[in-house]
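# Fold and geometry: a report
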Amino acid sequence: ATTPQKSRQKPKQPPSPPLQRQNTKATPPSPPSIIRDKQGYLQFHKVGFLGEGGFARVYEAEDFRGTRVACKVVSRSSLTTKKTKTKLYAEIRIHKSLSHPNIVAFQECFEGDENVYMILELCTSGSLMDLLRRRKRLTEPEARFFLVQIIGACHYMHTYQVIHRDLKLGNIFLDAKMNVKVGDFGLAALIENPGERKKTICGTPNYIAPEVLFDTANGHSFEVDTWSIGVILYTLIIGRPPFQTKEVKAIYKRIRDNEYEFPSERPISAAAQDLIQLILTPNPQERPALLDVVHDSFFARNTFPSYIPTSAHDFAPDFR
Ligand code: ADP
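It should be emphasised that the depicted structure is a prediction, and the values quoted were computed from it without experimental measurement. The numbering scheme is per chain: residues are counted from 1 as the chain's sequence reads. Local features in this predicted model are restricted to residues whose pLDDT is 70 or higher, and side-chain atom pairs enter the listing and the counts only when it is 80 or higher, whereas totals over whole chains, interfaces and linings include all residues. For the side-chain quantities, the full set of heavy atoms in the structure was used; hydrogens and water were omitted.

### Considering the overall build of the protein
The way it works is that DSSP assigns letters per residue, a run of H or I at least four long becomes a helix, a run of E at least two long becomes a strand, and they are numbered from the N terminus. In terms of helices and strands, the protein carries eight helices and 13 strands. In this setup the radius of gyration rests on C-alpha atoms only. A globule is expected at 2.2 Å times the number of residues raised to 0.38. Expected size for 320 residues packed as a compact globule is a radius of gyration near 20 Å; at 20 Å, the protein falls within 12% of this value. Viewed in the frame of its principal axes, the protein has a C-alpha envelope of about 60 × 50 × 35 Å. Exposure classes here rest on a 1.4 Å probe applied to the protein chains alone. A residue is buried below 20% of its type maximum, exposed above 50%, and partly exposed in between. Within the span of the protein, comprising 320 residues, buried residues form 53% of the whole. Counting only contacts in the protein whose residues sit at least 6 apart along the sequence, the fraction spanning at least 24 positions is 65%. In the protein, 43 side chains carry a positive charge and 34 a negative one; their mean positions are 5 Å apart. Two residues qualify as a contact provided that any one of their heavy atoms is within 4.5 Å of a heavy atom in the partner residue. His is not counted here, nor are the chain ends, while Lys and Arg score as positive and Asp and Glu score as negative. For the purpose of locating charges, the reference atoms are NZ of Lys, CZ of Arg, CG of Asp and CD of Glu.

And the structure:
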């Protein structure tokens, strides 16, 4: 996943490009080939490298039974400030509390001498970002399939007062059966009091809801995830994000002005257009609830695949 970004800015004017996550790559963790907890109860064999994010490296590993897992490693030396520690512990606490078939399962967490380790469910089919890179665009039946699972995961999180705040293709992983597993709770927030609003500007430029950027006085809440789901739907079937331009400031201006189009050379159904427009409603109070989104006629149209074949990695499945 590309680095989510974070900054504090005054409202109205499009904010400057946000800062990178702190401590990025300062000390990339290099875990030993046998990863153990300090007490020696747990042991994992590192078998491969899966990827890296803002402050973590993720390895494929095997437990004592030979079961494959993903092992997210953060170097303890990168946790120099109180803030970075608090953030990591918040990520762990939130992710650990969630259990849903479409959320990456959080199995274990422990410290070694050098690193903090998070043992996660392994997603062998990469992310929706990888899939889109290969395929360029997905079909609407595929988008329906993935979106219903993303919405299910998101609705579940919201029930437990968790806002993900960084839903994007790179954080939506796929397991071996092409089922969605939402991951990376690095920017997630827990709403502890009813009606509480979050004020920190965070997210990834293309996916940030307008109220995060331009209504910092009121703050934002659960509706920011719904917005990102609208951006995800558009991106999956059109092949690029709706507000995409070269400069981050220009992206923010487009988000502020709700300026995006449906390119005629990449036609999509009227139902898909209507749903995207409905979700990308600038006012969070007027934006549809997740349950309204899944009940939209877009999902009742034509084919709704019962599964996505793994051949979808390389070419569009024929659902007839
Ligand atoms: P960060 O929180 O630092 O951004 P991520 O959680 O996004 O880190 O992980 C970084 C990369 O590691 C991902 O882009 C992906 O390639 C890989 N990865 C993360 N979690 C898993 C997983 N559960 N299964 C397989 N690969 C994963």
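### Remarks on the pattern of salt bridges
By definition, a salt bridge exists where a carboxyl oxygen of Asp or Glu is found within 4 Å of a side-chain nitrogen of Lys or Arg. Applying the stated rule across the entire model yields 16 salt bridges. Among the salt bridges present, the one from lysine 168 reaches aspartate 166, with a minimum N-O distance of 3.9 Å. Residue class for aspartate 166 comes out buried when judged on its relative accessible area of 3%. With a shortest N-O distance of 3.0 Å, glutamate 196 and lysine 198 are connected by a salt bridge.

### Some details on the side chain of glutamate 60
For glutamate 60, the position within the fold is in strand E5 (residues 57-62). You can call glutamate 60 buried: its relative accessible area is 18%. A distance of 2.9 Å separates a polar atom in the side chain of glutamate 60 from a polar atom in the side chain of arginine 68. In contact with glutamate 60, not counting residues within four places along its chain, are His45, Lys46, Val47, Gly48, Leu50, Arg68, Val69 and Leu122. Polar contacts here mean pairs of N or O atoms no more than 3.5 Å apart (in protein, one a potential hydrogen donor and the other a potential acceptor; neighbouring residues in sequence count only if both atoms are side-chain atoms).

### Details of the sheet that holds strand E3 (residues 34-36)
Taken together, six strands build an open sheet; the order of strands is E3-E4-E5-E6-E8-E7 and the sheet is antiparallel. In this open sheet, the two edge strands, each paired with only one partner strand, are E3 and strand E7 (106-111). In this sheet, neighbouring strand axes are inclined to one another by 35 degrees on average, regardless of whether the strands run parallel or antiparallel. Two strands form a pair only when DSSP identifies at least two bridges running between them. Pairing geometry for E7 and strand E8 (residues 115-121), over five bridges, is antiparallel. Residue pairing across strands places phenylalanine 106 opposite leucine 120, the latter belonging to E8. To get an axis, fit a line to the C-alpha atoms, keeping to the stretch in contact for a helix; angles then go from 0 to 180 degrees between the N-to-C directions. Its contacts with the sheet place helix H1 (residues 82-96) against strand E6 (68-75), E7 and E8, and it is angled at close to 25 degrees to E8.

### Regarding helix H5 (residues 223-238)
Expected span of a helix: the number of residues minus one, times 1.5 Å. Taking 1.5 Å of rise per residue, the 16 residues of H5 would be expected to cover 22 Å, and the 23 Å separating its terminal C-alpha atoms lies within 8% of that figure. Taking burial as the measure, the 16 residues of H5 include 15 buried ones, the bulk of the element. Backbone geometry just downstream of H5 places glycine 239 in the positive-phi region, at approximately 105 degrees.

### Focus: empty space enclosed by the protein
Of the grid points, spaced at 1 Å and generated over the protein atoms alone, those admitting a 1.4 Å probe that cannot get out make up cavities, while open sets with protein on both sides within 12 Å along at least five of seven lines make up pockets; any residue with an atom within 4 Å of a point is treated as lining. Grid points are joined across faces, edges and corners, and a volume is the space filled by probe spheres set on the points. A full pass over the atoms with the stated rule returns three cavities of 30 Å³ or more. Empty space within the second largest cavity amounts to approximately 90 Å³. If you go around the second largest cavity, you meet 13 residues; those closest to its centre are Arg165, Cys202, Gly203, Tyr207 and Ile208. Sorting the residues of the lining of the second largest cavity by element identifies strand E13 (201-203) and H5 as the ones contributing at least two each. Here the lining of the second largest cavity is built from residues that sort into seven nonpolar, four polar and two charged. Charged residues are taken to be Asp, Glu, Lys and Arg, nonpolar residues to be Ala, Val, Leu, Ile, Met, Phe, Trp, Tyr, Cys and Pro, and polar residues to be all remaining types, Gly included.

### Thoughts on the packing of aromatic side chains
Any pair of Phe, Tyr and Trp rings, taking the six-membered ring for Trp, is counted once the centres come within 6.5 Å. Such a pair is stacked with planes under 30 degrees apart, edge-to-face with planes over 60 apart, and tilted for the rest. By the definition in use, this model includes 11 aromatic pairs. Considering the side-chain rings of phenylalanine 298 and phenylalanine 299, the 5.2 Å spacing of their centres and the 75 degrees angle between planes classify their relative orientation as edge-to-face. The class for phenylalanine 299 is buried, based on a relative accessible area of 9%. Its guanidinium or amino end placed over the ring of tyrosine 59, lysine 46 lies 5.0 Å from that ring's centre, counting from NZ or CZ. Taking NZ or CZ as reference, arginine 144 lies 5.0 Å from the ring centre of phenylalanine 298, over its face. The rule for a charge over a ring is simple: NZ of Lys or CZ of Arg within 6 Å of the ring centre, and within 35 degrees of the ring normal.

### A word on the confidence of the model for the protein
Per-residue pLDDT for the protein averages 91, and the proportion of residues at 70 or more is 92%. Per residue, pLDDT measures the predictor's confidence, with a range of 0 to 100. Within the model, pLDDT remains below 50 along residues 6-11, and this stretch shows 18 contacts once partners closer than five positions in the same chain are excluded. This model gives residues 16-25 a pLDDT under 50, and the stretch forms 32 contacts once residues within four places in sequence are excluded. What the predictor reports for the complex is a pTM of 0.91 with an ipTM of 0.96.

### Quick word on the side chain of glutamate 91
By the element assignment, glutamate 91 lies in helix H1. The residues contacting glutamate 91, other than those within four sequence positions of it, are Phe55, Lys72, Met118, Asp184, Phe185 and Gly186.

### With respect to the nonpolar core
Within the largest apolar cluster, 66 residues are counted, with the highest numbers of intra-cluster contacts made by Leu128, Phe146, Ile232 and Ile276. In this description, a nonpolar core means a group of buried Ala, Val, Leu, Ile, Met, Phe, Trp, Tyr and Cys residues linked to one another through side-chain atoms lying within 4.5 Å. In terms of nonpolar packing, the next biggest core, distinct from the first, is built from 15 residues, Ala70, Val116, Leu120 and Cys123 among them.

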